[in-house]
Amino acid sequence: PVAALVMECVLHGAGGMDLIDPLFQRVLILTCKERGLPVVLDEVFAGIWRLGAEGAWELLGDGCAPDVSCYAKLLTGGLVPLAGTAAT
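Below you will find a few notes about this structure.

The rules behind each value
- Residues numbered from 1 in each chain as written.
- Predicted model: local features only at pLDDT ≥ 70, side-chain atom pairs only at ≥ 80, totals over all residues.
- Heavy atoms only, no water.
- Pairing = 2+ DSSP bridges.
- Helix = DSSP H or I, 4+ residues; strand = E, 2+ residues; numbered from the N terminus.
- Expected span 1.5 Å × (residues − 1).
- Buried < 20%, exposed > 50% of the residue type's maximum accessible area, 1.4 Å probe, protein only.
- Arc of directions from axis to C-beta.
- Contact = heavy atoms within 4.5 Å.
- Polar contact = N/O pair within 3.5 Å; in protein donor to acceptor, adjacent residues only side chain to side chain.

With respect to the pairing of strand E4 (residues 39-42)
On a regular strand, each side chain points to the face opposite its neighbour's, so the side chains alternate between the two faces of the sheet.
No. 1: Sheet topology note: the strand E1 (residues 5-8)/E4 ladder contains four bridges and is parallel. Residue pairing across strands places Met 7 opposite Leu 41, the latter belonging to E4.
No. 2: Pairing of E4 with strand E5 (residues 68-72) involves three bridges; the strand directions are parallel. Bridging across to E5, Leu 41 finds its partner in Ser 69.

And the structure:
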């Protein structure tokens, strides 16, 4: 059984900066939400306006807001290690 969807949104940072098809991620998130699965998005690389939106999930369209978002790095401009997690 699947417990939750955990993924990096739009920009995949492990092994290089690779863009992931937003349509694929949108369909994946909406399918999980329809089935009642929590969505956890890692916004470490793509969050805090790095891609032009507060969170990369905003680029995926309506209904793609995560249940939990994890932010880091750009919170302090890289000067101090700091991370945050936001949940609904």
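Now that the structure is up, let's keep going.
Describing helix H1 (residues 22-34)
No. 1: Taking 1.5 Å of rise per residue, 13 residues should cover 18 Å, and H1 covers 18 Å from first to last C-alpha, within 8% of that figure.
No. 2: Listed as buried for H1 are Gln 25, Ile 29 and Cys 32. Projection of H1 onto a plane perpendicular to its axis shows the buried side chains occupying an angular sector of 65°, all on one side. Those residues of H1 that are exposed and aimed more than 90 degrees away from the buried face are Leu 23 and Glu 34.
No. 3: Packing partners of the buried residues in H1 comprise E1 and E4.
No. 4: N-capping of H1 is provided by Asp 21, with a side-chain oxygen placed 3.2 Å from the backbone N of Leu 23.
No. 5: A positive phi of about 80° marks Gly 36, the residue just after H1.

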